[in-house]
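Residue strings, one per chain:
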Amino acid sequence: MLEHAIWWHVYPLGATGAPIRGDRGAPAHRLRKLDAWLDYAVELGTNGLLLGPIFQSASHGYDTLDHYRLDSRLGDDEDFTHFIHEAHQRGLHVILDGVFNHVSRHHRIVTEQPELLRWDGDHPRTWEGHGDLLELNHDNPAVLEFVVDIMLHWLRRGIAGWRLDVAYAVPTWFWRAAAERVRQEFPHAVFIGEVIHGDYPRFIEESTLTTLTQYELWKGIWSSLTDVNGWELAHAIERHASFTQHFIPNTFLGNHDVTRFATQVPAATTVAPYLLMTLPGAPSLYYGDEQGFTGTKTEAWHGDDEIRPALPASPAELSTLGAHVLRHYQAAVALRRRHPWIVRAAVEVLEKANETLTYRVHDGGRSLTVHLNLATPSVHVSGEGEEIAA
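Everything numeric here is computed off the predicted structure, so don't read it as measured data. (Residues numbered from 1 in each chain as written. Predicted model: local features only at pLDDT ≥ 70, side-chain atom pairs only at ≥ 80, totals over all residues. Heavy atoms only, no water.)

Draft legend 1. Representation of the side chain of Glu-194 in the model. Assignment of secondary structure puts Glu-194 in the loop between β12 (190-193) and α7 (200-207). Non-local contacts of Glu-194, meaning those with residues more than four positions away in its chain, are made with Arg-163, Leu-164, Asp-165, Val-166, Ala-167, Tyr-168, Thr-213, Tyr-215 and Asp-257. (Helix = DSSP H or I, 4+ residues; strand = E, 2+ residues; numbered from the N terminus. Contact = heavy atoms within 4.5 Å.)

What follows is the structure, given as structure tokens:
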């Protein structure tokens, strides 16, 4: 599936306008609001939906209360069945966000199965100091059974795979064991591990996950464009090229955890998608980035809200200001669709300087050359019948 995967990454609780904290109000069928955006995802050129957490949770979705139940702020079981049907009708596969490192302090297992938790003396261990998030004890075989059962349940409901939240905090042997069990029934299931840094190829080898989040490339793109530093971008691309010899990374310009690209590098919003789509990997586009949405991630209590906004009722209600950015995203995705070989291509940096960078992406006799001016910023793509300037 990764050979042709381009995901539209959506944070459902935010995109549908669900209340995140405080009074949750009455249960609502908000998941159906995304129906109006499925054709938009297709027109963007994507063929998959990478959904943020949709299970019953205490607030933002990553504090799970029930892994088998759609969050009441999004709807009920029937709403999920409807959504999967509508997505599949359009050729969109669906990846769900699985939080299997920790649970909410109010999850039923805290009182009913405390042995599934990791303990520090008389107190359950919290994840990275977040008092409401309690770590699962992955050394307990019952936790493996718990996670595998959840994965299989939703795969049987029609999803294509899992994004594994904070995969880096879970032992790689645990992922290997879970994936082996799941692949017995679903051999083509996709597993995307959230890994920030470290030895990516080794993590993939030990865990047998399908792919992981390529944060090094994300950092190299926005940081080099901000600082006008072609040397930094060249280093990031060369590192990326070494990773792609081992697996197909999940590449991205933004996600639900980072400041919006248009906020970080506003002058490069029409240039960056061509970089993303001409480098090997399985790309994901965070909802709204293709419209030039802005938003800053902070460490405050509501620090994620700006980067997880509500979508309007339909694409027709989007601001016309984003149309120019959208055209470039569509053109970049179309370029990638015309050259699917890029997914596993080799990359060679040809020239690098402070303000400029040229690289060639090639596979056998096929190649594209990308010249980037970081100071302008602007990009030129040529080869294989292509001549694109942005």
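That covers the picture; the talk isn't over yet.
Draft legend 2. Helix α12 (residues 323-338), seen in detail. For α12, built from 16 residues, the straight-helix expectation of 22 Å at 1.5 Å per residue is met to within 8% by its first-to-last C-alpha distance of 22 Å. Among the structural elements, α2 (38-44), α11 (272-277), β15 (282-286), β18 (366-373), β19 (378-383) and β20 (386-389) are those in contact with the buried residues of α12. (Expected span 1.5 Å × (residues − 1).)

Draft legend 3. Representation of empty space enclosed by the protein in the model. Counted according to the given criterion, the structure contains 3 cavities of 30 Å³ or more. One number sums up the size of the largest cavity: a volume of about 80 Å³. What lines the largest cavity is a set of 13 residues, among which His-9, Arg-163, Thr-213, Asn-250 and Asn-255 lie closest to the centre. Per-class residue counts for the lining of the largest cavity are 4 nonpolar, 6 polar and 3 charged. Its boundaries defined by the atoms lining it, the second largest cavity holds a volume of some 50 Å³. Forming the walls of the second largest cavity are Trp-8, Val-10, Leu-34, Trp-37, Leu-38, Leu-49, Leu-51 and Phe-83. Among the secondary structure elements, those contributing two or more residues to the lining of the second largest cavity are β1 (7-10) and β2 (48-51). (1 Å grid on protein atoms, 1.4 Å probe; cavity = no way out; pocket = protein on both sides within 12 Å on 5 of 7 lines; lining within 4 Å. Points joined across faces, edges and corners; volume = space filled by probe spheres on them. Nonpolar A, V, L, I, M, F, W, Y, C, P; charged D, E, K, R; others polar.)

Draft legend 4. Focus on the nonpolar core. Grouped together as the largest cluster of nonpolar side chains are 117 residues, with contacts concentrated most on Trp-8, Leu-49, Leu-96, Trp-162 and Trp-175. Among the elements that make up this core, the one with the highest residue count is helix α5 (residues 141-156) (10 residues). The contacts of Trp-175, once residues within four sequence positions are left out, are Phe-100, Met-151, Leu-164, Ala-167, Val-170, Phe-203, Ser-207 and Leu-209. One finds Ala-5, Ala-160, Ile-248 and Val-343 within the second-largest nonpolar core, a separate group that totals 11 residues. (Core = buried A, V, L, I, M, F, W, Y, C linked by side-chain atoms within 4.5 Å. Buried < 20%, exposed > 50% of the residue type's maximum accessible area, 1.4 Å probe, protein only.)

Draft legend 5. Here's a closer look at the packing of aromatic side chains. Under the defined criterion, the tally for this structure stands at 15 aromatic pairs. Between Tyr-286 and Tyr-287, the aromatic rings sit 5.0 Å apart at their centres with planes inclined by 75°, giving edge-to-face as the arrangement. Residue Tyr-286 is classed as buried on the basis of its relative accessible area of 1%. Taken together, the ring pairs connect Phe-55, Phe-80, Phe-100, Trp-154 and Trp-162 into an aromatic cluster. For the cation-ring pair, Lys-219 lies above Trp-222, with the distance from its terminal atom to the ring centre recorded as 5.7 Å. Above the ring of Tyr-11, the side-chain terminus of Arg-308 is found at 4.5 Å from the ring centroid. (Phe/Tyr/Trp six-rings, centres within 6.5 Å; stacked < 30°, edge-to-face > 60°. Lys NZ or Arg CZ within 6 Å of the ring centre and 35° of its normal.)

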